Amino acid sequence: MFFNLIRNALEAVRDQSERTLAIRSIPAPDGMVEITVEDNGPGLDPLIRDRMFQPFATTKTAGMGIGLSISQSIVHAHGGSIAAESEPGGGTVFRFTLPRAEALQEPEQAVRNG
Ligand SMILES: Nc1ncnc2c1ncn2[C@@H]1O[C@H](COP(=O)(O)OP(=O)(O)OP(=O)(O)O)[C@@H](O)[C@H]1O
Ligand SMILES: [Mg+2]
């Protein structure tokens, strides 16, 4: 899931002379954590923006177009949300939320499970 977003970011920055990939996590309300995956690629193609989370929506010649659809299913299954923003002048940020580990498990149980 996470890997899908990172792989997209790496594919997006492939043709940039200077490549930037930033991953951040910050606490979000209701026991969630917000994770952002940001790249300095060309940004989202306007033709794909409205349907990029749909299965088989792709702009890549060798793409299946399933990475984001799987990611969205997993995030929704855990009660989170996922969205993307194209930055003015290039770059894309994917932002999603998931429940924090301590919100899912009692602390003792979390320790026991490593
Ligand atoms: N970081 C990004 N920068 C620019 N466009 C993106 C980015 N991530 C996704 N996209 C756009 O969203 C489309 C759908 O992404 P998705 O991961 O679902 O499929 P894919 O990468 O094309 O194929 P795959 O099934 O191999 O993941 C991509 O084809 C691309 O146009
Ligand atoms: Mg992908």
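Residues numbered from 1 in each chain as written. Chains lettered and ligands numbered in written order. Predicted model: local features only at pLDDT ≥ 70, side-chain atom pairs only at ≥ 80, totals over all residues. Heavy atoms only, no water.

Undergrad: Lay out helix α2 (residues 67–77) in plain terms, naming residues and giving numbers.
TA: Turning to α2, its buried residues are Gly67, Leu68, Ser69, Ser71 and Val75. The elements touched by buried residues of α2 are α1 (2–12), β3 (82–86) and β4 (92–99). Note on α2: the residue one or two positions beyond its end, Gly79, has a positive phi of about 80°. (Buried < 20%, exposed > 50% of the residue type's maximum accessible area, 1.4 Å probe, protein only. Helix = DSSP H or I, 4+ residues; strand = E, 2+ residues; numbered from the N terminus. Contact = heavy atoms within 4.5 Å.)

Undergrad: Pulling in residues and values, what's your account of the pattern of salt bridges?
TA: Counted under the stated rule, the structure contains 5 salt bridges. The closest approach of N and O atoms between Arg95 and Glu34, which form a salt bridge, is 3.1 Å. Placement of the pair is Arg95 in strand β4 and Glu34 in strand β2 (residues 32–39), with a sequence separation of 61 residues. Owing to a relative accessible area of 29%, Arg95 belongs among the partly exposed residues under this scheme. (Salt bridge = Lys/Arg side-chain N within 4 Å of Asp/Glu carboxyl O.)

Undergrad: An account of the layout of surface pockets is needed here, citing residue identities and associated values.
TA: Taken as a whole, the largest pocket holds about 620 Å³ of empty space. Around the largest pocket sit 25 residues that line it, and Asn8, Glu11, Thr59, Lys60 and Leu68 are the ones nearest its centre. Elements with a contribution of two residues or more to the lining of the largest pocket: α1, α2 and β4. Looking at the lining of the largest pocket element by element, the count peaks at 5 residues for α1. For the lining of the largest pocket, the per-class residue count stands at 12 nonpolar, 8 polar and 5 charged. (1 Å grid on protein atoms, 1.4 Å probe; cavity = no way out; pocket = protein on both sides within 12 Å on 5 of 7 lines; lining within 4 Å. Points joined across faces, edges and corners; volume = space filled by probe spheres on them. Nonpolar A, V, L, I, M, F, W, Y, C, P; charged D, E, K, R; others polar.)

Undergrad: For the site of ligand 1, give the residues involved together with the corresponding values.
TA: Neighbouring ligand 1 are 21 residues; Asp39, Thr58, Thr59, Lys60 and Leu68 lie closest to it. One nitrogen or oxygen atom from the side chain of Asp39 is found 2.8 Å from a nitrogen atom belonging to ligand 1. Contact distances for ligand 1 include 2.7 Å between an oxygen atom and a side-chain N or O atom of Lys60. For ligand 1, whose accessible area on its own is 600 Å², the fraction buried by protein is 94%. Put simply, ligand 1 lies in the largest pocket. Of all the secondary-structure elements, those providing two or more residues to the shell around ligand 1 are α1, α2 and β4. Here the element with the most residues in the shell around ligand 1 is α1; it accounts for 4 residues. (Near = heavy atom within 4 Å. Polar contact = N/O pair within 3.5 Å; in protein donor to acceptor, adjacent residues only side chain to side chain. Areas by Shrake-Rupley, 256 points an atom, 1.4 Å probe, with all protein chains shown as cover. Sits in = over half its atoms within 2 Å of the grid points.)

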